[in-house]
Amino acid sequence: MKSGSGGMTPTQITGLFLGIFGLVVPFLLPLGTLSFAGQIGLGIFIMAAIFWMFEPIPIYATSMLVIFLQILLLSAQGPMYMDTSLPVSEPVELQEQTWQIPSSALRDDNTLLVAVEEGETEAIPVRVVERNGQHVIVSSEELSADSAIVTDPGHRLVDYKPNSYTDYLGTLANPIIILFLGGFMLAEASVKYNLDKNLTRYLLSPFGSKPRFIILGLMLVTAVLSAFMSNTATAAMMVTVILPIIGQLEPGDRFKFGLALSIPIAANVGGITTPIGTPPNAIVIAALTEYGKSISFTDWIIVAAPLVIVMLLFAWWLLLTFFPPSTERFNLDIKGKLNLSPKAIGLYVIFGATVLLWITENQHGIPSSMVAFLPVAALVTGSILSKSDIRNLPWDVLWLMAGGISLGIGMEKTGLAVWMISGFDWGAMGYVMLILVFGLVAVAMSNFLSNTVTATLLMPLVISLHTSGVMGESFNLLITGIVIAVACSLAMALPISTPPNAIAMSTGIIRTKDMAKVGVVIGIVGIMLILAYSVFYWPLVTN
Amino acid sequence: MERSDIYILCIEDEQEVLDAVVRDIEKLEEQFPIETANSAEEAREVIQKLLEDGKKIGLILCDHILPGENGVELLIELQKSDDTYPAKKVLLTGQAGLDDTVKALNEARLHHYIPKPWTREELQKVAIDLLTDYVIEQEENILPYMGTLDAEKISESIRTRRSVSDE
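Procedures and definitions
Residues numbered from 1 in each chain as written. Chains lettered and ligands numbered in written order. Predicted model: local features only at pLDDT ≥ 70, side-chain atom pairs only at ≥ 80, totals over all residues. Helix = DSSP H or I, 4+ residues; strand = E, 2+ residues; numbered from the N terminus. Rg over C-alpha atoms; globule rule 2.2 N^0.38 Å. Buried ≥ 20, exposed ≤ 12 C-beta atoms within 10 Å, placed from the backbone. Contact = placed C-beta atoms within 7 Å. pLDDT = per-residue confidence, 0-100. Pairing = 2+ DSSP bridges. Axes fitted to C-alpha atoms, helices over the stretch in contact; angles between N-to-C directions. Nonpolar A, V, L, I, M, F, W, Y, C, P; charged D, E, K, R; others polar. Left-handed = near helix turned anticlockwise from the far one by under 90°.

Draft legend 1. A look at the overall build of chain B. Secondary structure summary: chain B contains six helices and seven strands in total. The order of helices and strands in chain B, counted from the N terminus, is β-α-β-α-β-β-β-α-β-α-β-α-α. Relative to the globule expectation of 15 Å for 167 residues, the C-alpha radius of gyration of chain B, 16 Å, shows essentially globular dimensions. Looking at the 167 residues of chain B, the share that counts as buried comes to 40%. For chain B, the proportion of contacts with a sequence separation of at least 24, taken over those separated by at least 6, is 60%.

Take a look at the structure:
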């Protein structure tokens, strides 16, 4: 969130240099068991994290840079790994269990690395019998004549099997990205034909003219729309709805703070409701799917919606308590007329069919990402969206998510993620404590960083806790992932926390301290709710 | 409020009138610095200087009668220049004849015509409306202008243009 004009601020310049330094620093430090590829991965991770924090370049640019560095430095076809293979040789049997091996293969701790399969080695202890220049004679029961002994134990292919570069590039066509593309195109068309505004008009009408119910209506409608559209576009639209109401208030009336805050809160919280509600959900779902814990559109709603509803009702009560309404009634008049042109009607049909197919995924079993191509294809086939509309899609967000997914793949693949969680006794922490810590860390980070970035940085750790098994039986990958997604969306204490917050703050109606006061309470209550749901409710609705 | 690099230029030969114009739109000055000129010649110099410093001109309020020159001619000239073409142009006038008015509309693509005397509210509203259009047309990040300018129009533009996206 910064303007594109002008030069870099001192913070950005600091970030630029720190980030570049971060890329090389893993090669300057002794990092114990981290493989060479892990060091590259760590460099990319540190650089990305610093760039995302200080924003010397836009955050989507960092994501694209991550993918570029990964295909360049980590992929099988990049200059680092093309034309290389792990140097191995077979031992020469001199007598029973006594072998002659190249001396370079013997490591300082008297072990040998034997390649088990591609990307995997096993350390075998040996007893040195005799050193003989180029060769060493060792004895071992575990060696056999066809053991593939690694002759260069420091080689960059030890314990690393590079992915094809297409795996990193392919993240842009990851099913979850396609799901978002479908959502983006529906949203684009909705804005074009004013469906979002007209829906708001209809949905708000049952809430009458009493201020406390108007605010409830505004929050529910905002949440419902942001569950399917971008939180930001929803917040911008709702701001145009509340400004005329605020105009009816006396200048000193504090109720306007509540009105203006209700929009970003509901937009942020509403995004939790569905997989396409907000980008952090995509990062989490992509990572979970990669590890066999896919979650359907329907199941996500079953998991998330009850929390969203409680959160919204709590926020409603909180706003009314902090900023009680002063007038008896409001005149809520949203201008607009339902567009009944053939194209608009086409949109309504496509919109309705897509959403229906999404939320009933459990009944018919067609994956939501496949359904997402229905609006993609139908909206352009019917000329409901034009070429310029397609160009207007938020491609930056798609790249941001793709970069996040790609970073996660690299961190897992290089062993970086497992290395990062090693050295801490996670098992002693206990599952509930772990959920609490992840929730707290995610909310805290996400208040200052982009929600998507927070999910990107935390998700590989969650996956590593799963694959390494350090947490034991009690660990539930699916629920821990959901905790991350939900917690990232519950950070809203500062104007920079989310774009909807920035929009609400930019109206000049609210003060930072009001936003902080409400946001901190929501964050704390949110973490408590997450904890309660992950202990009592989510285990019931996930397998 | 952070100062932007978008300037308001007021061109008026009578100092009291110029002061009145500046006073009437002073609440915009926090974000949009105001520059003044007493003649067309001075206006050209000011514009030249601002453009050299990498600044932009968002709004030009110009008197009809300037010493030795016609305000309408100046506005036409600025309309034809690439640098000042995007600026919103307002003609302040006591008594412009039909010919001049038509010329201003057709050739200077005048955005607003304010007859003297004007009220502060009127001038403020015109300035806010036109600067809102200017930032929506010219600026990439329009959020910072929401507090000073027309917030409803700017949010509407965020909604349709997606200049701010979810992160």
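Draft legend 2. Representation of the confidence of the model for chain A in the model. Here chain A averages 91 in pLDDT, while 99% of its residues score no lower than 70. Within the model, the stretch residues 1-5 of chain A combines pLDDT values under 50 with nine contacts to residues more than four positions away or in other chains.

Draft legend 3. Region of the structure containing the sheet that holds strand β7 (residues 112-115) of chain B. Residues and elements named next belong to chain B. Pairing is parallel across the open sheet formed by five strands, whose spatial order is β2-β1-β3-β6-β7. Only two strands of the sheet have a single partner each, and these edge strands are β2 (34-37) and β7. In this sheet, adjacent strand axes meet at a mean angle of 20 degrees when their direction is disregarded. As paired strands, strand β6 (residues 88-93) and β7 are joined by four bridges and run parallel to one another. Paired with L92 across the strands is I114, a residue of β7.

Draft legend 4. Local environment of the interface of chain B and chain A. Facing 19 residues of chain B, the contacting portion of chain A comprises 30 residues. Looking at the side of chain B that touches chain A, its residues break down into six nonpolar, five polar and eight charged.

Draft legend 5. Region of the structure containing the packing of helix α7 (residues 211-228) of chain A against helix α11 (residues 297-322) of chain A. Residues and elements named next belong to chain A. Following both chains from N to C, one finds α7 and α11 inclined at 145 degrees, their axes separated by 10 Å at the closest point. Of the two possible hands of crossing, α7 and α11 adopt the one that is right-handed. Seen from α7, the contacting residues are R212, I215, L216, M219, L220 and A223; seen from α11, they are V308, L312, A315, W316, L319 and L320.

Draft legend 6. Broad picture of the sheet that holds strand β6 (residues 127-132) of chain A. All names here are of chain A. The four strands lie next to each other as β2-β3-β7-β6, forming an open sheet whose pairing is antiparallel. Here the strands that pair on one side only, and so sit at the sheet edges, are β2 (92-95) and β6. Averaged over all adjacent pairs, the angle separating strand axes in this sheet is 30 degrees, with direction ignored. Pairing geometry for β2 and strand β3 (residues 98-102), over three bridges, is antiparallel. Residue Q95 lies in a different strand from β3, and its bridge partner there is T98.

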